[in-house]
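One-letter residues, chain by chain:
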Amino acid sequence: MQERIVVLDFETTGLSAAGGDRAIEVGAVALENGKITDKYQNLIQPGFKVDSFIEHYTGITNHMLDQAPQADEVFPELYRFIDGSVMVAHNAGFDRKFLDMELDQLGYTRQQPFLCSLRIARRLYQNAPNHKLGTLVKYAKVPVTGTFHRALADAEMTALLWLEMMNLLRRRYQITEIGLHLLLQLEKKAIKQTDGWLRETQSP
DNA sequence: TGCCAGGCCCTCTTTAGGGCCTT
């Protein structure tokens, strides 16, 4: 893809943006011409204490969050970082909701499309044991760049997995032009029909 | 009172149910 892509990952206080959960850390990685060209990371003070499960799951403690900047400092920066980029996240529906909710509270609106590395991975790695990020990193032999369940490390590994999947489309299916339209079609394709469809789609 | 996420995807399906993924 020619476009700038930003791979995004949030750590949050829980699973439900609509139910009052908030982002506590953001990691974002910019991809241009198949390479990582920029990174953004910040902790975010949620305005309440996170429970012990989240402290253990992420390694982000209440003490760390007490000293973190608030959403109205972080999200305008993030908005500028993602401006004009196609978004990617692993299980994109999750991160998209938190991003849109936090931006909306500050009067910003996201315009750009959001692609899901989980949906693409389910179609390209049909024999993987499962499609969790950690499993796919191992399965696709992507380098581990940090601690899982920290936002920047997860965003970086998702970005490297994304590049590996784009390489797979080129290698396995000889698709040279991987544009937004193709990826949106791929996401919507039934999993079992994907392989045949991609073989028919390969560039002449 | 009792519940507590939600959307995708498969299948023993579509008048439904349950597993997967994200924190």
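The preceding data block contains the structure.
The structure contained in this document is the topic of the report that follows. (Residues numbered from 1 in each chain as written. Chains lettered and ligands numbered in written order. Predicted model: local features only at pLDDT ≥ 70, side-chain atom pairs only at ≥ 80, totals over all residues. Heavy atoms only, no water.)

Considerations on helix H4 (residues 92-105)
In an α-helix there are 3.6 residues to a turn, and that puts residues three or four apart on one side. Between the first and last C-alpha of H4 there are 20 Å, a value that for 14 residues agrees with the 20 Å anticipated at 1.5 Å per step. Three or more residues of H4 are buried, namely Ala92, Asp95, Phe98, Leu99, Met101, Glu102 and Leu103. At the C-terminal side of H4, Gly107 shows a positive phi close to 85°. (Helix = DSSP H or I, 4+ residues; strand = E, 2+ residues; numbered from the N terminus. Expected span 1.5 Å × (residues − 1). Buried < 20%, exposed > 50% of the residue type's maximum accessible area, 1.4 Å probe, protein only.)

A short note on helix H5 (residues 117-124)
In terms of burial, H5 is a largely internal element, six of the eight residues being buried. Those residues of H5 that sit buried are Ser117, Leu118, Ile120, Ala121, Arg123 and Leu124. Elements that come into contact with the buried residues of H5 comprise strand S4 (86-89), strand S5 (114-116), helix H6 (133-139), helix H7 (151-173), helix H8 (180-188) and helix H9 (191-201). (Contact = heavy atoms within 4.5 Å.)

Details of the pairing of strand S1 (residues 5-12)
Counting buried residues in S1 gives eight out of eight residues, a clear majority hidden from the surface. Here S1 shows two buried faces, one formed by Ile5, Val7, Asp9 and Glu11 and the other by Val6, Leu8, Phe10 and Thr12. Here eight bridges tie S1 to strand S2 (residues 23-32), and the two strands are oriented antiparallel to one another. When the sheet's bridge partners are listed, Phe10 is paired in S2 with Val26. In the sheet, S1 pairs with S4 via three bridges, with the strands oriented parallel. Bridge pairing links Val6 to Met87 in S4. (Pairing = 2+ DSSP bridges.)

Side note on the side chain of Glu156
Mapping Glu156 onto the fold places it in helix H7. Other than its neighbours up to four places away in sequence, Glu156 contacts Val29, Lys39 and Thr145.

Quick look at the layout of surface pockets
Using a probe with the size of a water molecule, rolled over the atoms, empty space left in the structure can be pinpointed. Of the voids in this model, the largest pocket is the one considered here, and its volume is about 630 Å³. As for the largest pocket, its lining consists of 23 residues, and the residues nearest its centre are Asp9, Tyr57, His90, Phe94 and His149. Those elements that place two or more of their residues in the lining of the largest pocket are S1, helix H1 (52-58), H4 and H6. Split into classes, the residues belonging to the lining of the largest pocket amount to nine nonpolar, nine polar and five charged. (1 Å grid on protein atoms, 1.4 Å probe; cavity = no way out; pocket = protein on both sides within 12 Å on 5 of 7 lines; lining within 4 Å. Points joined across faces, edges and corners; volume = space filled by probe spheres on them. Nonpolar A, V, L, I, M, F, W, Y, C, P; charged D, E, K, R; others polar.)

Things to note about the protein's contact with DNA strand B
Around DNA strand B there are 27 residues in total, and Glu11, Tyr57, Arg123, His131 and Leu133 lie nearest to it. Protein-adjacent atoms of DNA strand B, using a 4 Å cutoff, are sugar or phosphate at a proportion of 69%. In this structure, Glu11 approaches DNA strand B through a side-chain N or O atom, which is 2.7 Å from a sugar or linking oxygen. For DNA strand B, a phosphate oxygen lies 3.2 Å from a polar atom in the side chain of Arg119. Elements represented by at least two residues in the surface near DNA strand B include exactly S1, H1, H4, H5 and H9. (Near = heavy atom within 4 Å. Polar contact = N/O pair within 3.5 Å; in protein donor to acceptor, adjacent residues only side chain to side chain.)

Quick notes on the packing of aromatic side chains
For the coordinates displayed, the defined rule picks out six aromatic pairs. Pairing Tyr40 with Phe81 gives two aromatic rings, centres 5.9 Å apart and planes at 35°, and the pair type is tilted. Note that Tyr40 is positioned in strand S3 (residues 35-43) and Phe81 in helix H3 (residues 71-82), a separation of 41 residues in sequence. Ring geometry for Phe53 against Tyr57: centres 5.4 Å apart, planes inclined by 20°, an arrangement best described as stacked. One end of the pair is Phe53 and the other is Tyr57, both in helix H1 and four residues apart, which spans about a single turn. Under the relative-accessibility criterion, Phe53 is labelled exposed at 53%. (Phe/Tyr/Trp six-rings, centres within 6.5 Å; stacked < 30°, edge-to-face > 60°.)

Considering the pattern of salt bridges
Proximity of charged atoms lets side chains of opposite charge pair with each other. Evaluated as defined, the whole model comprises nine salt bridges. A salt bridge links Glu32 to Arg4; the shortest N-O distance between them is 4.0 Å. Here Glu32 is found in strand S2, whereas its partner Arg4 is found in the segment before S1, with 28 residues between them in sequence. Its relative accessible area of 31% is what places Glu32 among the partly exposed residues. The residue Arg171 makes a salt bridge to Glu164 at a minimum N-O spacing of 3.4 Å. Residue Arg171 is classed as exposed on the basis of its relative accessible area, which comes to 52%. (Salt bridge = Lys/Arg side-chain N within 4 Å of Asp/Glu carboxyl O.)

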